[in-house]
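Structural description and commentary
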Amino acid sequence: VGEIKFTSGDSEESIKVSINVRSDNVVVDSSIAIKEEKKSVEKGEDVVAQVNINQIGNEKDLKEITVKIVIKDFEGNVYYEDTQVVEIFDEEEFLQNIPTDNLPSGSYVLGMEVSYPGAFETSSSQFKVEEEIPEIISQENSYTLILVISFALIIILILYFLFARRRKLRKF
């Protein structure tokens with residue numbers, strides 16, 4: 001987990017990267033993914049990740065696998081960690097909800113380490129946490145606002161016609 005920086009003259013650009021590794025003798029293939037439209041969440045909103053674990057090779061039997069899920073920033077600080085043991089035969093898929101309540105705004109890596117006797121592999125996905133944007137006008141408030149504006153316009157029209165009529169009467 002880190003950044004690659006590119007500099008040219010006075011300009012500097014950086015790309016956030018995470019590298020996934022695996023041991024030589026893997027018998028499962030795993031991945032963790034976040035839908036593209038959910039890679040940016042508001043603070044407090046859960047990150048929903050799709051976890052896939054598939055046995056590879058011809059010998060498929062019941063395996064007990066340890067799945068460790070972590071959230072790190074690009075400086076290597078760990079903000080979240082959860083470990084669970086999963087039994088799989090052939091393949092296993094599940095959704096994992098990960099809270100972001102304690103995360104400051106910024107970019108993060110959601111990492112997964114799958115380990116079993118004699119082997120391991122990692123997978124990751126990047127996401128951002130943004131400050132909660134206060135909803136100034138909710139749908140419920142917008143209906144109330146429309147009613148108030150409509151009522152005010154009706155009163156203004158009534159007053160206008162009353163004053164216009166009064167002026168006509170004064171002229172005669």
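Fair warning: this is a prediction, and the values are worked out from it, not measured in the lab.

This part covers the pattern of salt bridges. If charged atoms from side chains of opposite charge come close, those side chains can pair. Summed over all chains, the structure comprises two salt bridges. The salt bridge involving Lys63 is made with Asp61; its shortest N-O contact spans 2.8 Å. The exposure class of Lys63 is buried, given its relative accessible area of 19%. For Asp61, a relative accessible area of 38% puts it in the partly exposed group. In this structure, Glu81 and Lys68 form a salt bridge, with 3.6 Å as the shortest nitrogen-oxygen distance. One end of the pair, Glu81, is in strand E7 (residues 78–88); the other, Lys68, is in strand E6 (residues 63–73), and 13 residues separate them in sequence. A residue is classified by how much of its surface remains accessible, and Glu81, at 48% relative accessible area, is partly exposed.

Moving on, we come to the sheet that holds strand E10 (residues 119–130). Strand order in the open sheet formed by five strands is E4-E10-E9-E6-E7, with mixed pairing between adjacent strands. In the strand order of this sheet, the two ends are held by strand E4 (40–42) and E7, each with one partner. Going across the sheet, the axis of each strand differs from the next one's by a mean of 30°, ignoring polarity.

Moving on to the packing of aromatic side chains. One pass over the structure, following the stated rule, counts three aromatic pairs. Here the aromatic rings of Tyr108 and Phe127 are separated by 5.8 Å at their centres, their planes lie at 25°, and the arrangement is stacked. Residue Tyr108 is located in strand E9 (residues 106–116), and its partner Phe127 is located in strand E10; the two are separated by 19 residues in the primary sequence. An identical accessibility class is assigned to Tyr108 and Phe127; each is buried. Members of the aromatic cluster, connected to one another through ring pairs, are Tyr79, Tyr108 and Phe127.

Neighbouring strands of a sheet are bound in pairs by backbone hydrogen bonds; such pairs are parallel or else antiparallel. Pairing is antiparallel across the open sheet formed by three strands, whose spatial order is E3-E5-E8. Since the sheet does not close on itself, it has two edges, and those belong to strand E3 (28–34) and strand E8 (91–98), each with one partner. Within this sheet the neighbouring strands show an average axis-to-axis angle of 15°, counted without direction. Two elements, strand E5 (residues 47–55) and E8, share eight bridges in a ladder whose sense is antiparallel. Paired with Val51 across the bridge in E8 is Phe94.

Analysis parameters
Residues numbered from 1 in each chain as written. Predicted model: local features only at pLDDT ≥ 70, side-chain atom pairs only at ≥ 80, totals over all residues. Heavy atoms only, no water. Salt bridge = Lys/Arg side-chain N within 4 Å of Asp/Glu carboxyl O. Buried < 20%, exposed > 50% of the residue type's maximum accessible area, 1.4 Å probe, protein only. Helix = DSSP H or I, 4+ residues; strand = E, 2+ residues; numbered from the N terminus. Pairing = 2+ DSSP bridges. Axes fitted to C-alpha atoms, helices over the stretch in contact; angles between N-to-C directions. Phe/Tyr/Trp six-rings, centres within 6.5 Å; stacked < 30°, edge-to-face > 60°.

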